[in-house]
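# Fold and contact review
As a plain string of letters, each chain reads:
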Amino acid sequence: MNSLKTHSIFLISAIIRVGLILYGEWQDAHMEVRYTDVDYLVFSDASSLMASGYSPYKRTTYRYSPLLAFLLLPNSFLSRSWGKFLFSASDLLVGLFIRIILKQRKVPEDLYTYSVLIWLFNPFTFTIGTRGNCEPIVCAIILWIVICLMNGNVVQAACWYGLIVHFRIYPIIYALPIILLLDPRFFQSGLKPLLCDWTSDQRKTQINPEVIDQCDVWMAFKSIFTRSRILFGLVSGSVFLFCTSFFFYLYGWEFLHEALLYHLTRTDPRHNFSIYFYHIYLNYERELSVLEKLISFLPQFIVQLVLIFCFAKDLLFCFFVQTVAFVAFNKVITAQYFVWFFCLLPLILPWSNMKLKWKGLFCILLWMGAQTHWLMWGYLLEFKGKNVFLQLWMGSILFLAVNTFILIMLIRNHSYSPVFRPHGCTKRALKCE
């Protein structure tokens, strides 16, 4: 019965996605506003160039790894919608991985089913893949890395991590929490890591800053050079360098600049959710000073470090708050970035004390309201040609404030839940630390 229920959920989800892909083809052919994401056209053009023996970077604005163009080669000879089906399949895979992770943590079936439903039937997430955005692939691989770590497969996790950082640079922010998590108390040669299950976690209270054990941080630094940490660093670094070197050999500096360096130095004068867009727009004709670049980078860097040292042991929650903060404080924010933390949200809900009624509903409406407010000014600027740059910038500030408020609310209502417990200790003595 349970298996039938799960199969039905995924079957309905797959039907919805196939239906949207087919509908998208019809809308593209018959309506002025296209359903397909403009990035998908860029991916497809780059893939077509690769299929013809040319560099994918001959397509202007293609700023991704050649691996993406390679994955979309069937677009040229099988179907132009191949990539959409691939991205939507990855979307479904994310739902499956959410179920596996929560089931391994012994979360009750009703709770992990709700978490899967939140991902699979979220209108934002299922339109991302069907419109031709590649982010579901990244989300699926990140969750697979978590599964590998939970099962003690450090080498496999490292291989996938090196690959995904090459494919999409932003997961580099997860390197430090993973290294801190590979504690010798949890990862011992020949032994599978012991997971803290959901039942044990329910004995815990809400986290407060005073509870964080500073000795853990000191011990982590003191024993930083352990077998698991060195292995993860060497393997992931080797995979990243191999992929990067191979494509540098094929496509030269053009690849290095477009796929990697561009994302580290990117400044976008077009309107986006970031609070920095207006300053960049006003000063786009000149080079930003070192101080200006530092001011935009420091808040993001400091917030990341604080979150990592507070929540590294609670890996999934750490990934989530890191990603929300990274996106909120980034120099460029587009709607597709939201899926980076949407895929992690279902994994932290079983440990949240926030009820949907009323705190949860208030946070959802507040976030949607702030986004709608920004989109209203964006519409007036882009489609009506009105000079509302200042109002749009104020909308970006409001959106950052709302994201910060919701992040604080989630932290205050989260039950701190380390993923692993040390070997050789009883559950009673540990209580999941």
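Everything numeric in this text was worked out from a predicted model, so none of it was measured.

Definitions and cut-offs
Starting afresh in each chain, residues are numbered from 1 along the sequence in its written order. In view of the model being predicted, local features appear only for residues whose pLDDT reaches at least 70, and side-chain atom pairs are presented and counted only at 80 or more, with totals across whole chains, interfaces and linings using the full set of residues. Each side-chain value is worked out from all heavy atoms of the structure, with water and hydrogens disregarded. Helix and strand assignments follow DSSP, with helices taken as H or I runs no shorter than four residues and strands as E runs no shorter than two, numbered in order from the N terminus. Three exposure classes are used, based on accessible area relative to the maximum for each residue type with a 1.4 Å probe and protein chains only: buried under 20%, partly exposed in between, and exposed over 50%. Contacts between residues were defined by any pair of non-hydrogen atoms, one from each residue, lying within 4.5 Å. Per-residue and other accessible areas were derived by the Shrake-Rupley procedure at a 1.4 Å probe size, with only the shown protein chains allowed to occlude residues. Lining residues are those with an atom within 4 Å of a point, where the points come from a 1 Å grid over the protein atoms alone and group into cavities, where a 1.4 Å probe fits but cannot get out, or pockets, open sets with protein on both sides within 12 Å along at least five of seven lines. Grid points are joined across faces, edges and corners, and a volume is the space filled by probe spheres set on the points. A helix's residues, less one, multiplied by 1.5 Å, set its expected span. This arc describes the spread of directions from the helix axis toward the C-beta atoms. Confidence of the predictor in every single residue is expressed as pLDDT, which spans 0 to 100. Put simply, buried Ala, Val, Leu, Ile, Met, Phe, Trp, Tyr and Cys residues joined by side-chain atoms within 4.5 Å make one nonpolar core.

Turning next to the overall build of the chain. The helix and strand tally for the chain stands at 21 helices and two strands. A burial count over the chain gives 51% of its 433 residues as buried. Looking at the chain alone, contacts between residues at least 24 apart form 75% of all its contacts between residues at least 6 apart. A total accessible area of about 21,300 Å² is found for the chain, and carbon and sulfur atoms account for 68% of it.

Moving on, we get to the layout of surface pockets. For the second largest pocket, the calculated volume is near 1,300 Å³. Only α6 (109-120), α7 (123-130), α11 (198-201), α16 (315-328), α17 (338-342), α18 (345-348), α19 (356-382) and α20 (389-412) provide two or more residues apiece to the lining of the second largest pocket. If you tally residues by element for the lining of the second largest pocket, the top one is α19, at seven residues.

Attention now moves to α6. Residues separated by three or four positions in an α-helix point in the same direction, a consequence of the helix having 3.6 residues per turn. Compared with an ideal rise of 1.5 Å per residue, which puts 12 residues at 16 Å, α6 spans 16 Å between its outermost C-alpha atoms and is within 8% of the ideal. Buried residues of α6: Tyr112, Thr113, Ser115, Val116, Trp119 and Leu120, and no others. End-on, the buried residues of α6 take up no more than an arc of 160°, which puts them together on one face.

Moving on to the confidence of the model for the chain. Mean pLDDT over the chain works out to 86, with 87% of the residues at or above the 70 mark. Across residues 203-215 the pLDDT falls below 50, and counting only partners more than four positions away or on other chains, this stretch makes 20 contacts in the model. Across residues 426-433, confidence stays below pLDDT 50; counting only partners more than four residues off in sequence or on other chains, it has 19 contacts.

By size, the foremost hydrophobic cluster in this structure holds 118 residues, and its most contacted members are Phe43, Tyr62, Leu68, Tyr174, Phe232 and Phe338. Ranked by the residues each element gives to this core, the list is headed by helix α8 (residues 135-150), at 13 residues. Setting aside anything within four residues of it in sequence, one finds Phe232 in contact with Val154, Ala157, Ala158, Tyr161, Ile178, Ile179, Leu182 and Gly237.

On to unusual backbone geometry, then. It is generally the case that most residues other than glycine have a negative phi and that most peptide bonds are trans. The residue Thr61 is not glycine, and still its phi comes out positive at about 70°. Although it is not a glycine, Lys106 sits at a positive phi angle of roughly 60°. Take Lys106: its relative accessible area is 54%, and that puts it in the exposed class.

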